[in-house]
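Coordinates in review
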Amino acid sequence: MSQAKKTNALRMLDTRHIPYESTEYTLEDGFTTGSDIARMLGLDPDAVFKTLVTESNDKEHFVCVIPVDGELDLKKAARYFGVKKLEMLPLKKLLPLTGYVHGGCSPVGMKKPFPTVIDETAVLFSEIYVSGGRIGLQLKIRPEDLAEMTEAGFADLTVE
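These numbers were taken from a predicted model, which means no experiment stands behind them.

1. Some details on the packing of aromatic side chains
Enumeration over the complete set of coordinates arrives at 2 aromatic pairs. When the centroid spacing of 5.1 Å and the interplanar angle of 85° are considered together, the rings of Tyr80 and Phe81 count as edge-to-face. Among the aromatic residues, ring-to-ring pairing joins Phe62, Tyr80 and Phe81 into one connected group.

2. Section: the side chain of Ser131
When you line up the elements, Ser131 lands in strand 6 (residues 128–131). Engagement of the side chain of Ser131 in a polar contact is seen with the backbone oxygen of Gly104, the distance being 3.3 Å.

3. Description of the nonpolar core
Membership of the largest hydrophobic core comes to 28 residues, with the highest contact counts inside it found for Leu13 and Val53. When residues of this core are traced back to their parent elements, those giving at least two are helix 1 (8–15), strand 2 (49–56), strand 3 (61–67), helix 4 (91–98), strand 6, strand 7 (137–141) and helix 5 (143–150). Listed in part, the 13 residues of the second largest apolar core include Leu72, Ala78, Ala155 and Leu157.

4. So, helix 4
Since the α-helix turns once every 3.6 residues, residues separated by three or four places project in the same direction. Among the residues of helix 4, those classed as buried are Leu94, Leu97 and Thr98. Projected onto a plane normal to the axis of helix 4, the buried residues spread over an arc of 90° and lie on a single side. Of the residues in helix 4, the exposed ones pointing more than 90 degrees away from the buried face are Lys92 and Pro96. On its buried face, helix 4 is in contact with strand 2 and strand 3. Positive phi appears at Gly99, one or two residues downstream of helix 4, with a value of about 90°.

5. Let's talk about the pattern of salt bridges
Where charged atoms from two side chains of opposite charge come close, those side chains can pair. Taken as a whole, this structure holds 13 salt bridges when the rule is applied. In this structure, Lys85 engages Glu87 in a salt bridge whose closest nitrogen and oxygen atoms are separated by 3.4 Å. Taking the relative accessible area as the measure of exposure, Glu87 reaches 41% and is therefore partly exposed. Bridged by salt links that share partners, the residues Glu21, Glu127 and Lys140 form one connected network.

6. Quick look at helix 1
What helix 1 keeps buried is the set Ala9, Leu10 and Leu13. Seen along its axis, helix 1 keeps its buried residues to an arc of 95°; they face one direction. His17 sits one or two residues past helix 1 and shows a positive phi near 55°.

Basis of the calculations
Residues numbered from 1 in each chain as written. Predicted model: local features only at pLDDT ≥ 70, side-chain atom pairs only at ≥ 80, totals over all residues. Heavy atoms only, no water. Phe/Tyr/Trp six-rings, centres within 6.5 Å; stacked < 30°, edge-to-face > 60°. Helix = DSSP H or I, 4+ residues; strand = E, 2+ residues; numbered from the N terminus. Polar contact = N/O pair within 3.5 Å; in protein donor to acceptor, adjacent residues only side chain to side chain. Core = buried A, V, L, I, M, F, W, Y, C linked by side-chain atoms within 4.5 Å. Buried < 20%, exposed > 50% of the residue type's maximum accessible area, 1.4 Å probe, protein only. Arc of directions from axis to C-beta. Contact = heavy atoms within 4.5 Å. Salt bridge = Lys/Arg side-chain N within 4 Å of Asp/Glu carboxyl O.

Given below as structure tokens:
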């Protein structure tokens, strides 16, 4: 583990003794996509995942972790969670709800736990990368450990 400034995500992993490695990076030229970050760090973009927070009509919240190049299929996610319809959480609600900003949202360590699902492609890798809880911090973790930490299942979540 590196000496990265501890985020809530890293502290929670440490508390549960779940192994991970953290990698810091610097954004250049403003906004950088997940694919750009993967290339910048020399990673396979298919092994780098983004965390998306969704909201049902009943204002329930659900977390989906999908490959950075993927597009979330909201109908598949809704079926997985057993709700009629899901929409992406408006950005202005992300920080108050999760404690994380857009581009630095980790599936680990949100203000409160939400039902979570990880795209099934994660199991193709021995380790995947997700946000470490702030922009400029990625964490490498086994998909099974991430699922254990977030009480997540695995499912097909992306648009084909």
